[in-house]
Amino acid sequence: MHILFHNVPARREDFTALTKSTKFLLAFCGHRWLENLPVAERAMELWPFLTMYTDAVRMRKLPNPGTASFDTLEVAQKDPLILAKLHFYITITRTFTPFLATYQTDEPVMPFLGKDLAELMKNMLRRFIKREVLEDISPLQLVKLDVSDKNNWVPPKNVM
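Residues numbered from 1 in each chain as written. Predicted model: local features only at pLDDT ≥ 70, side-chain atom pairs only at ≥ 80, totals over all residues. Heavy atoms only, no water.

Engineer: Can you tell me about the environment of Arg12, naming the residues and giving the values?
Structural biologist: Residue placement: Arg12 occurs in helix H2 (residues 9–19). Classification of Arg12 by relative accessible area gives partly exposed; the value is 31%. C-alpha separation for the pair Arg12 and His31, spaced 19 residues apart in sequence, amounts to 27 Å. Aside from chain neighbours lying at most four places away, what touches Arg12 is Phe5, His6 and Phe24. (Helix = DSSP H or I, 4+ residues; strand = E, 2+ residues; numbered from the N terminus. Buried < 20%, exposed > 50% of the residue type's maximum accessible area, 1.4 Å probe, protein only. Contact = heavy atoms within 4.5 Å.)

In structure tokens, the structure reads:
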């Protein structure tokens, strides 16, 4: 989506005139997805403006860019879960970032990896698996945990 407005002054001008926003999408990095937190946050912030832009193009108030990035934006706009997906991505990224920052060092941190990795997995699973199931569970039990057992699931209305 970043490419839609990148190095295209006319399109940027149309977007700014329509939305009164001078902020634009940030570039996504495909091979370092945890560094895309600011990208996803900016997409969330600009989503109402992006919707306004695609609606203006659809109503022929603005020229159709005819690009793959615009087509991607239109497909995303039709997805009723797009904002939930972005929120989920942001939440997961915020959970993983401290772990990765701790282990991207030259310090001898390997002895702590097992414990920290088990805690990271518990933090992820707590969103979907009942807390009672994860309480006092060893790393070995965590690996063997049957996540497909519906009795272990948090009810959908309580998923965080």
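Engineer: Explain the packing of H2 against helix H3 (residues 37–58) to me, and be specific about the residues and the numbers.
Structural biologist: For the pair H2 and H3, interaxial distance at closest approach is 10 Å and the crossing angle is 110 degrees. As summarised for this structure, H2 and H3 are arranged roughly perpendicular, according to the angle between their axes. Here H2 contributes Arg11, Phe15, Leu18 and Thr19 to the contact with H3, which in turn contributes Phe49, Leu50, Met52, Tyr53 and Ala56. Per-class residue counts for the contact of H2 with H3 are seven nonpolar, one polar and one charged. (Axes fitted to C-alpha atoms, helices over the stretch in contact; angles between N-to-C directions. Parallel < 35°, antiparallel > 145°, perpendicular 65-115°, else oblique. Nonpolar A, V, L, I, M, F, W, Y, C, P; charged D, E, K, R; others polar.)

Engineer: Run through helix H6 (residues 110–125), naming residues and quoting values.
Structural biologist: An α-helix turns once per 3.6 residues; consequently, residues spaced three or four apart project the same way. For H6, built from 16 residues, the straight-helix expectation of 22 Å at 1.5 Å per residue is met to within 8% by its first-to-last C-alpha distance of 23 Å. Those residues of H6 that fall on the buried side of the exposure criterion are Ala118, Leu120, Lys122, Met124 and Leu125. Looking at the buried residues of H6, the elements they touch are helix H5 (82–103), helix H7 (131–134) and helix H8 (139–144). (Expected span 1.5 Å × (residues − 1).)

Engineer: Tell me about the pattern of salt bridges, and please be specific about residues and values.
Structural biologist: Per the stated rule, a full pass over the model turns up seven salt bridges. A salt bridge links Arg58 to Asp55, with the nearest nitrogen and oxygen atoms 2.8 Å apart. With Arg58 and Asp55 both in helix H3 and three residues apart, the pair spans about one turn of that helix. Within this structure, Asp55, Arg58 and Glu74 form a network of salt bridges that share partners. (Salt bridge = Lys/Arg side-chain N within 4 Å of Asp/Glu carboxyl O.)

Engineer: Can you tell me about helix H4 (residues 68–78), naming the residues and giving the values?
Structural biologist: For H4, the set of buried residues is Ser69, Phe70, Leu73, Ala76 and Gln77. Down the axis, H4 shows its buried residues gathered within 120 degrees of arc, on one side only. In H4, the exposed positions angled more than 90 degrees off the buried face are occupied by Ala68, Val75 and Lys78. The elements touched by buried residues of H4 are helix H1 (2–5), H3 and H5. (Arc of directions from axis to C-beta.)

Engineer: Describe the packing of aromatic side chains, naming the residues involved and giving the relevant values.
Structural biologist: Applying the stated rule across the entire model yields eight aromatic pairs. Measuring from centroid to centroid gives 4.8 Å for Phe5 and Phe15, while their planes differ by 50 degrees, and the two rings are tilted. Of this pair, Phe5 sits in helix H1 while Phe15 sits in helix H2, placing them 10 residues apart in sequence. An identical accessibility class is assigned to Phe5 and Phe15; each is buried. A ring pair is formed by Phe88 and Phe128, whose centres lie 6.3 Å apart and whose planes are at 55 degrees; its orientation type is tilted. With a gap of 40 residues between them, Phe88 in helix H5 and Phe128 in the loop between H6 and H7 connect regions that are remote in the sequence. Judged by relative accessible area, Phe88 falls into the partly exposed class, the value being 44%. (Phe/Tyr/Trp six-rings, centres within 6.5 Å; stacked < 30°, edge-to-face > 60°.)

Engineer: If you had to explain the side chain of Thr54 to someone new, which residues and values would you point to?
Structural biologist: Take Thr54: it is sitting in helix H3. Residues contacting Thr54, with those up to four places away along its chain left out, are Phe70, Leu73 and Gln77.

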